[in-house]
Amino acid sequence: MKTKSLLFLFVLLSFMAFSQTKANLDETAIQKSLTYFVNSIKSKQIDQAVDGIYPKFFTIVSKEQMTQILNMTYNNPFMKIEVQDLKFGNIEKPELITGEYFSIANYFLKLKCNVSSLNDDMKKKMNSALTTKYGANNVKYLAAEGSYLINANMKACAVSKDKKGWKFVILEKEYKKELVKILPKKILDKF
């Protein structure tokens, strides 16, 4: 009887360990793909970054428009944005919905936005926009450098057919109406 109990306990622990390892593999694959995506933006490899976006997203915003938006944001000579750091928060277990796996990934970016070439009126507008988007506690102005330091709490939906290569949609509340066209309701209800 004691042997059977020990055997049962061993099998149960082995099963739990295997399940945890599988979840960790999914999380690691998502982190790797998201890191590649963010590093592509950081190194100004915009076409490479655009390749990391979920293809169905391009039914809302064309690939060309997305490339243009990212170039205007990260290759703008008047307002230089630099990605300084990436940290991961909670990454949900992938869910299979209509033939694709979906997972919500929380991550944090530290951004530096140099606005020294903007006039005072534009700086005030920038301050207001950044504070509204990221919260007053997450935006700090460095007067000596003419830069904002931003701690951006971000969410992305990772999507994959095979749980190996992941593509992303950045989840922002103001775009939820558009994302209804490409993401399952079950996923949209989570953010």
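Structure shown above.
This section reports on the structure supplied with the text.

## A few points about the pattern of salt bridges
Stage number 1. If you walk through the whole model with that rule in mind, you get 14 salt bridges.
Stage number 2. Measuring nitrogen to oxygen at the nearest pair gives 3.0 Å for the salt bridge that ties Glu-92 to Lys-190. With Glu-92 in the loop between strand S1 (80-91) and strand S2 (95-97) and Lys-190 in the segment after helix H6 (185-188), this pair connects stretches of sequence that are 98 residues apart.
Stage number 3. For Glu-92, a relative accessible area of 24% corresponds to the partly exposed category.
Stage number 4. Taking relative accessible area as the criterion, Lys-190 reaches 33% and is therefore assigned partly exposed.
Stage number 5. With a shortest N-O distance of 2.7 Å, Glu-95 and Lys-186 are connected by a salt bridge. Note that Glu-95 is positioned in strand S2 and Lys-186 in helix H6, a separation of 91 residues in sequence.
Stage number 6. Overlapping salt bridges, with partners in common, bring together Glu-92, Glu-95, Lys-186 and Lys-190 in one network.

## Looking at the nonpolar core
Stage number 1. In terms of nonpolar packing, the biggest core is built from 54 residues, with Phe-57, Leu-109, Leu-179 and Leu-183 touching the most fellow members.
Stage number 2. Per element, the largest residue contribution to this core is eight residues, and it comes from strand S5 (residues 147-160).
Stage number 3. Residues contacting Leu-109, with those up to four places away along its chain left out, are Val-38, Val-83, Asp-85, Leu-86, Ile-150, Asn-151, Ala-152 and Met-154.

## Brief notes about the packing of aromatic side chains
Stage number 1. All told, the structure shown has three aromatic pairs when counted by the stated rule.
Stage number 2. Geometrically, the ring pair formed by Phe-37 and Phe-168 is tilted, given 6.2 Å between the ring centres and 35 degrees between the ring planes. Of this pair, Phe-37 sits in helix H1 (residues 2-42) while Phe-168 sits in strand S6 (residues 167-170), placing them 131 residues apart in sequence. Phe-168 shares its class with Phe-37; the two are buried.
Stage number 3. A centroid spacing of 6.3 Å and a plane angle of 75 degrees characterise the contact between Phe-57 and Phe-58, whose relative ring orientation is edge-to-face.
Stage number 4. Classification of Phe-57 as buried rests on a relative accessible area of 15%.

Rules used in this analysis
- Residues numbered from 1 in each chain as written.
- Predicted model: local features only at pLDDT ≥ 70, side-chain atom pairs only at ≥ 80, totals over all residues.
- Heavy atoms only, no water.
- Salt bridge = Lys/Arg side-chain N within 4 Å of Asp/Glu carboxyl O.
- Helix = DSSP H or I, 4+ residues; strand = E, 2+ residues; numbered from the N terminus.
- Buried < 20%, exposed > 50% of the residue type's maximum accessible area, 1.4 Å probe, protein only.
- Core = buried A, V, L, I, M, F, W, Y, C linked by side-chain atoms within 4.5 Å.
- Contact = heavy atoms within 4.5 Å.
- Phe/Tyr/Trp six-rings, centres within 6.5 Å; stacked < 30°, edge-to-face > 60°.

Any link to function would need more than the numbers given here.
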